[in-house]
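Fold and geometry: a report
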Amino acid sequence: MKSRDIFRESIFKRDNHKCVVCGEPAQDAHHIIERRLFDDGGYHLENGVSLCGPHHIEAEKTTLDAQELRDIAGIKKIVLPKGYHRDTRYDKWGNIILPNGQRMKGELFYDESVQKILSEVLCLFADYVKYPRTKHFPWSESVGRDDDVLSDLSVFDGKRVVVTEKMDGENATVYSDGYFHARSVNGNEHPSQSWIKNFIQKFYFDIPEGWRVCGENLYARHSVKYDALESYFQVFSVWNEQNECLEWSEMLEYCDLLGLTHVPVLWQGVFDRDEIHKAFLNSRNTDTSEGYVVRSEGGFHYTEFQTSVAKYVRADHITEARHNWRMRWHPSDVNKIKTLK
Ligand SMILES: [Zn+2]
């Protein structure tokens, strides 16, 4: 479905031009999940419901829940933007709804209009933040169906960057209150999560209040086999209570303070595509390097993530196996580390 008009027409037609909630004449073809989160505008029949004026406002405020709307309208198929997980619940604006009813801030949370519209439910938001998706560089060799490409490279022009090895583990975020979550919030209980929950007990109380530490949990083996890791938990960013990613040097200080290891650095300097790629190829251990991540050396706000961080993933990296690692996992599939940390 291409245009707004066709979208509106087909939604109204399906719902007999009536608000699906109260049966009053329909006034709005409401996007169940915000169109700005989709790269195609989200004009899918299953992403729309007919609503009257008042119910439309409630749906926008999210006091009328996205799943509730699907249920009332009899929509079985859940249409989500790229990179969103089917086993996770989202509100209209892409914020995650946790099993306890609290919400986790999503990519549009800080948008001014979204802040305004969510004013009544802001109290539901926990201080837990979804880790943003990292865009691929145009020369990345392994861009999946769900992945986005950074089209405007000029965001790195003249900027000092840090290039780190992309580690093949599971994204983990640790908060100052000892809470922890993986990239997918509702991930099944897994031995690698037990390991990190245990590990966190050694340092979470030293994280400043409202801050969080993000890193790679490398306990379980995914598709790359590691035999000499510095640690099973390797930090790649630390965020303060303003939701700002600390500059790299400050992050290193915090790693020292907390007794944590960071992901391996491959290169550092003013952004230079060729030099960076060369550094990767030179450093690369063919069996254990999935690719690299480039981030701005300076700090940046959460909302600037997708113009401050980008990645390259090599071609022969098996993404299929990666998605199924939880199911394939066997107790012997544990990576090896140099010294127990
Ligand atoms: Zn209504």
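Note that the structure is a prediction, hence the values are computed from the model and not measured. (Residues numbered from 1 in each chain as written. Predicted model: local features only at pLDDT ≥ 70, side-chain atom pairs only at ≥ 80, totals over all residues.)

So, about the overall build of the chain. Along the chain, the regular secondary structure elements total 9 helices and 18 strands. With the C-alpha coordinates of the chain rotated into their principal frame, the extents come out at 65 × 40 × 40 Å. Here the chain holds 341 residues, and the buried ones make up 35% of them. Taking the intrachain contacts of the chain between residues at least 6 apart in sequence as the baseline, contacts between residues at least 24 apart amount to 68%. (Helix = DSSP H or I, 4+ residues; strand = E, 2+ residues; numbered from the N terminus. Buried ≥ 20, exposed ≤ 12 C-beta atoms within 10 Å, placed from the backbone. Contact = placed C-beta atoms within 7 Å.)

This paragraph deals with the domain arrangement of the chain. Domains assigned within the chain are domain 1 (1-127) and domain 2 (131-328). Domain 1 and domain 2 are separated by 31 Å when their C-alpha centres are compared. Counting residues at the interface gives 12 residues for domain 1 and 11 residues for domain 2. (Domains from an automatic or database assignment.)

Attention now goes to the sheet that holds strand β15 (residues 265-270). What the 5 strands build is an open sheet, ordered β7-β18-β16-β8-β15; its pairing is mixed. Strands with a single pairing partner mark the edges of an open sheet, and in this sheet they are β7 (135-136) and β15. Where strand β8 (residues 160-165) and β15 come together, 5 bridges link them in antiparallel fashion. Note on β15: the bridge partner recorded for Thr164 is Val265. Each of β8, β15 and β16 (291-296) touches helix α7 (residues 273-283); the most contacted strand, β15, lies at about 160 degrees to it. (Pairing = 2+ DSSP bridges. Axes fitted to C-alpha atoms, helices over the stretch in contact; angles between N-to-C directions.)

Our next topic: helix α2 (residues 53-61). Those residues of α2 lying buried are His55, His56, Ala59 and Glu60. The buried side chains of α2 occupy one side of the element, clustering within an arc of 140 degrees when seen end-on. At its buried positions, α2 is contacted by β1 (28-31), β2 (48-51), α3 (66-73) and α4 (112-117). The first or second residue beyond α2 is Thr62, which carries a positive phi of 70 degrees. (Arc of directions from axis to C-beta.)

Residues Val163, Leu218, Val235, Tyr292 and Val294 are the most contacted members of the largest nonpolar core, which totals 38 residues. The set of elements that each furnish at least two residues to this core consists of β8, β9 (170-175), α5 (191-200), β12 (233-239), α6 (248-258), β16 and β18 (309-313). Sequence-distant contacts of Tyr292, that is, excluding residues within four places in its chain, are made with Val163, Thr164, Glu165, Lys166, Leu266, Phe280, Lys311 and Tyr312. Ala26, Ala29, Ile96 and Val129 belong to the second-largest nonpolar core, a separate cluster that totals 23 residues. (Core = buried A, V, L, I, M, F, W, Y, C linked by C-beta atoms within 7 Å.)

Bringing the environment of Leu122 into the picture now. On the secondary structure map, Leu122 appears in the loop between α4 and β6 (125-129). For Leu122, a count of 10 C-beta atoms within 10 Å puts it in the exposed group. C-alpha separation for the pair Leu122 and Arg103, spaced 19 residues apart in sequence, amounts to 8.9 Å.

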